[in-house]
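Per-entry structural report
If you want the building blocks of each chain, they are given just below.
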Amino acid sequence: MLPNSIASEPKSVKTLPYANTPTKHTTTTTTALLHFFFSFDLICFVLVSPTKLAPPSSLSSTTFLSLSSECQMTPSSISSCSIPAPEAVQILVSSLGDESPLVREASMASLVDIAALNPLLVLDCCAAVSRGGRRRFGNIAGLFQVMAFAVKALKGQEVDPSYMLKLAKIATAELISSKELNAEWQRAASNLLVAIGSHFPNLMLEEISIHVTGTSTALPAVVQILADFASADALQFTPRLKDVLSRVLPILGSVRDIHRPIFANGNVQSLSSPCAVHEVFAFRCWCQAVSQYITEFPSREVLDADVMSFLNSAFELFLKLWATSRDVKVRMSTVEALGQMVGLINRQELKTALPRIIPIMLDLYKKDQEIAYVATCSLHHLLTASLQSESGPPLLDFEDLTVILSTLLPVVVINNDTKEQSKFSVGLKTYNEIQHCFLTIGVVYPEDLFVFLLNKCRLKEEALTFGALSVLKHLLPRLCEAWHHKMPLLVDVVKMLLNEHNLGVRKALSELIVVMASHCYLVGLSGELFVEYLVRHCSLPDQEKDQLESSKETPMFSSSYRTLSSRREVRIGMVSVMELRSTCEKGLLLLTITIPEMEHILWPFLLKMIVPRDYTGAIATVCRCISELCRNKLSSNSIMLSECTARNDIPNSEVLFARLIILLHDPLGRDRRATYILSVLNILAPLFPKNVSLFWQDEIPKMKAYISDTEDLKQDPSCRETWDDMIVSFLAETLDVSQDADWIIILGETFAKQYDLYTSDDEHSALLHRCLGVLLQKVVDKVYVRDKIDLMYKQADIAVPTNRLGLAKGMGLVSHVFAVAVAASHLDIILEKLKEILDNVGQSIFQRLLSYFSDRSRVENSDDIHAALALMYGYAAKYAPSSVIEARIDALVGTNMLSRLLHVHQPVARQAVITAIDLLGKAVIRAGENGTPFPLKRRDQLLDYILTLMGHDNDDGFINSSVEFLQTEALALSACTTLVSVEPRLTLETRNHVMKAVLGFFALPSEPSDVVNLLIDNLINLLCAILLTSGEDGKSRTEQLLHILRQLDLYVSSPIDHQRRRACQAVHEMLVKFPAFVLPSREALAIGDRVIIYLPRCADSDAEVRKFSIQIFDLFFSISLSLPRPANANSGTDLETCYGALASLEDVIAILRSDASIDPSEVFSRVVSSLCTLLTKDELVAALHGCTNAICDKVKQSAEGSIHAVIEFVTRRKNELNESDISRTTHSLLSALGHVAEKYLRQETLSAISALAENTSSNLVFNEVLATAGRDIVTKDISRLRGGWPMQDAFCAFSQHNVLSFSFLEHVTSVLNHTPIISGISEKGDYSSHGATNHSDKEILQAAIFALTAFFRGGGKIGKKAVEQSYSSVLASLLLQLGTCHALASSGQPEPLRYATF
């Protein structure tokens, strides 16, 4: 319900004093008011302001929009008082003039909502604002739009004629006040007048009619209004057409060219727009309104004599003057209007005008596409009015129509399949209208049109042929009865066009064939011929993308079009090879699925389409069609199969089986090819022996299931290899269940003939080799086997790697026979063939040169032959029974036949030879697993072969990192792993030779990642194999482990991340596979030395390295805890505590696996804590002694972590360190101090030394520090050391240490007091004149003096405090030293005095 303040407002509203004058307003009031405007649910509330309201135009756009987006108000925000609604609406109307477009749109939306409820209120407010005109109100267009909507919303009792007249005058006054044509506001004013006309048409027409004069500037706008009114309300406009025409016709002759489009099509935008085909039109709209009126009220007489006279006069004027204008826009608009008028003028007038109007329309086809569309629409109307009128015979003979038909056919080509997005809809509309034109003619002259189209096809002009075929395709379903008796003529023409090369013509012809089939015109041999045509184009190959893109701009048709070498076009115009293929595939499926009458043509003819080589690409579509045919005829399958055997031209079951088995090759083939082939095999199963049929019923569904999920298969890089193995296994089992030797021989002959169906570089040929090899397994006849082996080698192109591999596998499968005698016979035949090939390769260089110059095409690459031979040797060994290969392998290796295969250079050939050696080794391993073990003689020689083929038998072997070489090296490492795993065991010399050759791979760059990662994995597997197969007992195997680990230490401590990662991964893998039960004791593992090597990696910057290193510790201590503890192990740490520490390590590993974001420092602390518990006393000491390299690690945070670990070890296990341990640890720390260059790490190392002195025997540490300092003094120029003298830093660190300062001072004083100065200080490096003891004492004395100097100069407050506490003793010691040195100086030895005074 509306409040009375809105629903009951008077019809007139005074102009508000602030309607056009912005004034200030309070923010609160305006905010609440705008809430009201934009919350339609609360429209019943009106707010009040303590001051006068101002229009929202003074608000910013941002404020206005933010308020308009809120749709709810709280009751507390609404005032209890109300004001008249017109004031509120007036503010909103005023906001239509806001500068912001967003504000205008929001205001208009709100006014439209209000107008739907109270249109008079909105009209009053808008009328009040509009009195100032567009000069005072900036958005007059928006204002008129709101008023038009409100007028439309008025109901019968609300409409007041006088009020409507007032509004009409407002709009009309604006229209006539301007000479310019502004489409936006004039369109809005026109809409308002049209809305008024819907209530009072006479009132509106009378108001604007006074301006329909030749001198009126508003004439174009008035014509626009009349056109809009006719379109909006045809039923009210049509009875008033006479009056409109009587006013408009007298001034048509004086209309200028610039205004003629407006009269022709009534569109103001025509003046500024190059084409206005989508808008309402003037004369066109008036004629359309008349047609609509006649359709709805056929009994009413509208077109009386006066109206017809007016229309004829306008038609004649348009045709005579306007249609021949030089302005294309005028001609187009006139033709469009004439197209609507031809159905209304009398037939005599139309007949007279046809010779003039048809050329004018056809001339427009020379223009752009949009104009062609307008011309086609008008032409369609003209043909309909001329040919299909009920009031008389056709006005045009067929001879008169030929020029129209000839003009339209090329236009079909242009608009048939345009891909330009901006013109797609126009082109499609034009194409459809042209087809309507042909249909209009065809209904009247069906036979003549049929002959005309066939004659155009016979001309074989590409554009005309394409157009004629497209029209035939469109008209055939619609004129089938009229054309039925002429179908033989169409069939003959289609046969004639089957050899056309143009892609566009072929596509149109394929579509026509499908349409002909739907009307049962494909019968007998001609039907099979057309089906074969579709199949042939279903087999078109995919073209490269760059080929397609390079010819996108090729004209649709030309006299000389580009072709491929196979006389197939890449792309002509907008038709590509793939589009043609797709059309034929869809067409063939439509014939199969939707046209039952085609069954007798398609079956069994489609079986014939499986075999030809040229149709290989169509096999998926053909098999799918066969499956659909049989699926729809399940009950009559036996009858259908009997039809196959009844026809001599259909291939027999063996030929179909051999062809389909090979075509199964690719599981990811286009359009699920493998699945449909399996379906056809299942359908054909009854044609084969019963056992085979039963076997297929079980196996084929399993094979279908494997390839059902193609997306999953794409994730498996080995899916094709696995699928080929399944195919070969399927064939082998089929032959086994058949138990028919004669059938196998027949099948073998059939497979042998299949070579002609594939090219040498086709992967299907490789599968064919394997299938023929499986067939030969089942044959006992040696002559037959030998002949087929010769055929396999003859047909193979060994220069193609895939073909070469297929041949090798096929040769190997020949010997895969379970009967030992037959297997030995087949294997000997193969080896004999291989020896023959190898002997032929060894012809003299002179003979090969002669052959080269006599016939270069017959010279085979030596690398390819050697590679093929090597692979055939390898796969023969792989597939042959273990019981027959020992002697053959011994002969092959023992006679150095393999060495003749090493002379290959290309990476692919090297890979083939390496693979062959790998297969030989695996054959030996398999023989051992089958119970017939034997050692591989000259195994070490084979390893040398592999290392030679790797190309890394020299010092610069690891430089080449191309993909092909990396792949070769990866294969070589895998082959080495195989050879290492066979008997006899590796000798120490061979082991070292192999490791020297391969360890450098750890330094390879990280890219290309896929190949390098595979290579590293193979390298790690090789190291594990060396570890597991070396040594006779636990001790020797442990030594082997430690030897390999020490070799890897270089990479474990590398500054390069991926090298550390690889090395740690290798260590981890070896420890995982290391058999702990063979160790004699824990000491053999040297855990202490290993811990300090891997400890820095636990604090590494690389997360993977940290994980691996912690897992390494876990494995080491898991192994060690399973072994007997040494006699001197720490008795204070029981086994339970050790297992607890090990569990803590495993917890850390679990955390790292689940949460990689954990703080690395926390992880490291937990690891160090566990190590403190797990290490025995000796292991701890060994770790501390080896800490120098850990502290000097290249990774900063690893070095820092190592220092903290040393401090933790010393702090927690200090009681277990004896004097020797302390001295050696101090020495290691001092050595690290001398090598650390970074200041921060040097300070951290000094902290570790201080911790050692603080927690153990400080005197031992001080003695070691002074001794080291003394040696530096006499052997180095300490004043010039880069970064300063480390011992000076150590003295300062002790002097500033809270705990060690006093004790160090006492120790230095004691040294000064107990070290006599017997003779002078020797020069640096001079050890010849004194004994070792005296010399050491002198060095320590000098170091003590330097240390005491450090107290005085760098001890700080702590050092000063220590000196003050021992002031007397320090002073006494210095005085004594000074006196002694002075005495020596008096006797000619000044050096001691110089150091003392320093």
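Structure report, in brief. A quick note: this is a predicted structure, and the numbers were derived from the prediction, not measured. (Residues numbered from 1 in each chain as written. Predicted model: local features only at pLDDT ≥ 70, side-chain atom pairs only at ≥ 80, totals over all residues. Heavy atoms only, no water.)

**Remarks on the overall build of the chain**
Formally: Under the DSSP-based scheme used, a helix requires at least four consecutive residues in state H or I and a strand at least two consecutive residues in state E, with every element numbered from the N terminus. Per-residue accessibility, obtained with a 1.4 Å probe over protein chains only, is compared with the maximum for each type, and a residue is labelled buried under 20%, exposed over 50%, and partly exposed between these values. The criterion used for residue contact is that any of the two residues' heavy atoms lie within 4.5 Å. Surface exposure here means Shrake-Rupley accessible area, sampled with a 1.4 Å probe, where a residue is shielded only by the protein chains that are shown.
Within the chain, the regular secondary structure consists of 70 helices and 2 strands. When each of the 1398 residues of the chain is scored for burial, the buried share is 55%. For the chain, restricting intrachain contacts to residue pairs at least 6 apart in sequence, the fraction spanning at least 24 positions comes to 76%. About 60100 Å² of surface is accessible on the chain, with carbon and sulfur atoms providing 53% of the total.

**Considerations on the packing of aromatic side chains**
Two numbers describe a pair of aromatic rings. These are the distance of the centres and the angle of the planes. Counted only if it meets this: Pairing of aromatic rings covers Phe, Tyr and Trp, the last counted by its six-membered ring, and requires centre-to-centre distances within 6.5 Å; plane angles under 30 degrees mean stacked, over 60 mean edge-to-face, and any other angle means tilted.
Taken as a whole and judged by the stated rule, the model has 22 aromatic pairs. Ring centres of Phe 398 and Tyr 445 lie 5.9 Å apart, and the angle between their planes is 65°; this geometry places the pair in the edge-to-face category. One end of the pair, Phe 398, is in helix α21 (residues 398-415); the other, Tyr 445, is in the loop between α22 (424-444) and α23 (446-459), with 47 residues separating them in the sequence. With a centroid separation of 4.9 Å and an interplanar angle of 65°, the aromatic rings of Phe 1262 and Phe 1304 are classed as edge-to-face. A residue pair is termed long-range when its members are at least 10 positions apart, and Phe 1262 in helix α64 (residues 1258-1275) and Phe 1304 in helix α66 (residues 1300-1314) qualify at 42 residues. The pair Phe 1262 / Phe 1304 is uniform in exposure class, with both members buried.

**Here's the deal with the nonpolar core**
Our working rule: Throughout, nonpolar core names a set of buried Ala, Val, Leu, Ile, Met, Phe, Trp, Tyr and Cys residues whose side chains join them through atoms within 4.5 Å.
Judged by nonpolar contacts, the single largest core of 441 residues is most densely connected at Trp 286, Phe 438, Phe 751 and Phe 1291. If we skip the residues at most four places from it in the chain, Phe 438 touches Leu 405, Leu 408, Leu 409, Val 412, Leu 449, Leu 453, Val 471 and Leu 475.

**With respect to helix α55 (residues 1087-1094)**
The element α55 is largely enclosed, with a buried count of 7 among its 8 residues. If you check which residues of α55 are buried, you get Ile 1087, Gly 1088, Arg 1090, Val 1091, Ile 1092, Ile 1093 and Tyr 1094. Where the residues of α55 are buried, they touch α53 (1034-1052), α54 (1057-1073), α56 (1103-1121), α58 (1160-1174), α59 (1177-1185) and α60 (1187-1191).

**Re unusual backbone geometry**
With an omega of 0°, the peptide bond running from Trp 603 to Pro 604 counts as cis. In this model, Glu 983 is joined to Pro 984 through a cis peptide bond whose omega is 0°. Considering the arrangement of structural elements, one finds Pro 984 in the loop between α50 (963-980) and α51 (988-998). One non-glycine residue, Arg 938, lies in the positive phi region at around 55°. In this fold, Arg 938 is placed in the loop between α48 (907-929) and α49 (939-950). In the Ramachandran plot, Ala 1086 falls in the positive-phi region, its phi being about 50° despite a non-glycine side chain. Topologically, Ala 1086 is positioned in the loop between α54 and α55.

**Some words on α66**
Under the convention used in this document: In a helix, the anticipated span is given by 1.5 Å times the number of residues less one.
Between its first and last C-alpha atoms α66 spans 21 Å; for 15 residues at 1.5 Å apiece the expected length is 21 Å, and the two agree. Within the span of α66, buried status applies to Leu 1300, Ser 1301, Phe 1304, Leu 1305, His 1307, Val 1308, Thr 1309, Val 1311 and Leu 1312.

**Focus on the pattern of salt bridges**
Test applied: When a carboxyl oxygen of Asp or Glu is within 4 Å of a side-chain nitrogen of Lys or Arg, the pair counts as a salt bridge.
Tallying each qualifying case throughout the model produces 38 salt bridges. Two residues, Asp 666 and Arg 720, come together in a salt bridge whose shortest N-O distance is 3.2 Å. With Asp 666 in the loop between α35 (653-663) and α36 (673-684) and Arg 720 in helix α39 (residues 719-738), the pair connects residues that are 54 residues apart, well separated along the chain. Given a relative accessible area of 16%, Asp 666 falls into the buried group. Since its relative accessible area comes to 36%, Arg 720 is described here as partly exposed. Here Arg 1060 and Asp 1100 are joined by a salt bridge, their closest N and O atoms 2.7 Å apart. Here Arg 1060, found in helix α54, pairs with Asp 1100, found in the loop between α55 and α56; they are 40 residues apart in sequence, far enough to count as distant. Accessibility expressed as a relative area gives 0% for Asp 1100, which makes it buried.

**A few points about the environment of Gly 197**
Along the polypeptide, Gly 197 turns up in helix α10 (residues 183-199). For the pair Gly 197 and Phe 237, spaced 40 residues apart in the sequence, the C-alpha separation amounts to 9.3 Å.

**Thoughts on the side chain of Ser 1109**
Short version of the rule: Identification of polar contacts relies on pairs of N or O atoms within 3.5 Å, with a donor-acceptor requirement for protein atoms, meaning one able to donate a hydrogen and the other able to accept it, and with residues adjacent in sequence counted only if both atoms are side-chain atoms.
Inspection of the secondary structure assignment puts Ser 1109 in helix α56. A residue is classified by how much of its surface remains accessible, and Ser 1109, at 0% relative accessible area, is buried. Within polar-contact distance, the side chain of Ser 1109 engages the backbone oxygen of Arg 1097 at 3.3 Å. Ignoring sequence-local partners within four residues, the contact set of Ser 1109 consists of Tyr 1094, Arg 1097 and Cys 1098.

**Looking at the packing of helix α12 (residues 219-232) against helix α16 (residues 283-296)**
Here is the rule: Lines fitted to the C-alpha atoms define the axes, with helices restricted to the stretch that makes contact. Angles between their N-to-C directions range from 0 to 180 degrees. Oblique is the label for any angle not under 35 degrees, not over 145, and not in the 65 to 115 range, which are roughly parallel, roughly antiparallel and roughly perpendicular in turn. Note: crossing handedness is left-handed where the near helix turns anticlockwise from the far helix by less than a right angle, and right-handed where it turns clockwise. Asp, Glu, Lys and Arg are counted as charged, while Ala, Val, Leu, Ile, Met, Phe, Trp, Tyr, Cys and Pro are counted as nonpolar; the rest, among them Gly, fall into the polar class.
Contact pair α12 / α16: the axes reach a minimum separation of 8 Å and the direction vectors enclose 25°. It follows that α12 is roughly parallel to α16 by the angle criterion. For α12 against α16, the interelement crossing comes out left-handed. Taking contact as the criterion, the partners of Leu 226, Ala 227, Ala 230 and Ser 231 in α12 are, on α16, Cys 285, Trp 286 and Ala 289. Tallied by class, the residues present in the contact of α12 with α16 amount to 6 nonpolar, 1 polar and no charged.

**So, a negative patch on the surface**
The criterion, for reference: Like-charged residues within 9 Å of one another, or nonpolar side chains (Val, Leu, Ile, Met, Phe, Trp, Tyr) within 5 Å, are grouped into patches, provided each residue has over 30% relative accessible area and no salt bridge. Positive charges come from Lys and Arg alone, negative charges from Asp and Glu alone, with His and the N- and C-terminal ends not counted. Each charge is placed at NZ for Lys, CZ for Arg, CG for Asp and CD for Glu.
Judged by side-chain charge, Asp 397, Glu 399, Asp 400, Glu 447 and Asp 448 come together as a negatively charged surface patch. On the secondary structure map, Asp 448 appears in helix α23. Judged by relative accessible area, which is 38%, Asp 448 ranks as partly exposed.

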